[in-house]
Amino acid sequence: MKKTKKIREVEVDLGPALIQGLSEIVEGLSGVSGKIAIRHCKVAPPPVVKSKQIVLIREQLHMSQNLFAEVVGVSPQLVRAWEQGTRKPSRMACRLLEEIRQNPGYWRGRSLVHGG
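All values derive from a computational prediction rather than experimental measurement.

Quick word on unusual backbone geometry
Phi at His62 is positive, roughly 60°, even though this residue is not glycine. Structurally, His62 is set in the loop between helix H2 (51-60) and helix H3 (65-72). Accessibility expressed as a relative area gives 68% for His62, which makes it exposed.

As C-alpha cells, then:
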C-alpha cells in the first residue's frame, strides 16, 4: 500500500518571495568569477512581419526604401519585394524589423551617423 503525503496550501505574497529567491541567487554567485555558460534555453520564435507592417515601420522612420535598406543591411530591391508581398523577410530579418518597430528613435538616429 502506497503512502500519500498531504500537501498543505500556504498563501504566499509572491513579490517578497521572488526578491528573496533572487537575492539568494546573487549571494550564491557573489564569489563566482569567470564566465557562466547557458547550455539550454528556449527562445521565442521571431514574429511574423507582414508587408503592410514593413511599410509602416519604414514610414515611421521617415526613410526612403533605399535608406531603410541600407540601415537594415539588405538591397532596396528586397525591401520593395517585402513591401509588395512578393518575398517574405527571413527569420533574422523579422527579429530586426521587430526591434526597429519597438525602438524607432534609436534606428532613426542610426541613419544620421553617416550623414544619411
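A look at H3
Of the positions making up H3, those classed as buried are Phe68, Ala69, Val71 and Val72. Buried residues in H3, looked at end-on, bunch into an arc of 165°, giving them a common side. If you follow the buried residues of H3, they end up packed against H2, helix H4 (76-84), helix H5 (91-102) and helix H6 (104-110). Taken from the residues just after H3, Gly73 is the one with a positive phi, measuring 90°.

Points about the packing of aromatic side chains
Per the counting criterion, the structure on display carries one aromatic pair. Relative to Trp107, the ring of Tyr106 has its centre 5.1 Å away and its plane inclined at 90°; by these criteria the two rings are edge-to-face. A residue is classified by how much of its surface remains accessible, and Trp107, at 13% relative accessible area, is buried.

Some points on the nonpolar core
Counting 17 residues, the largest nonpolar core has Phe68, Trp82 and Leu97 as its most contacted members. Residue assignment for this core shows that the elements contributing at least two residues are H2, H3, H4 and H5. Excluding its chain neighbours within four sequence positions, the residues that come into contact with Leu97 are Val49, Ile54, Ile57, Phe68, Trp82 and Pro89.

Rules and cut-offs
- Residues numbered from 1 in each chain as written.
- Predicted model: local features only at pLDDT ≥ 70, side-chain atom pairs only at ≥ 80, totals over all residues.
- Heavy atoms only, no water.
- Helix = DSSP H or I, 4+ residues; strand = E, 2+ residues; numbered from the N terminus.
- Buried < 20%, exposed > 50% of the residue type's maximum accessible area, 1.4 Å probe, protein only.
- Arc of directions from axis to C-beta.
- Contact = heavy atoms within 4.5 Å.
- Phe/Tyr/Trp six-rings, centres within 6.5 Å; stacked < 30°, edge-to-face > 60°.
- Core = buried A, V, L, I, M, F, W, Y, C linked by side-chain atoms within 4.5 Å.

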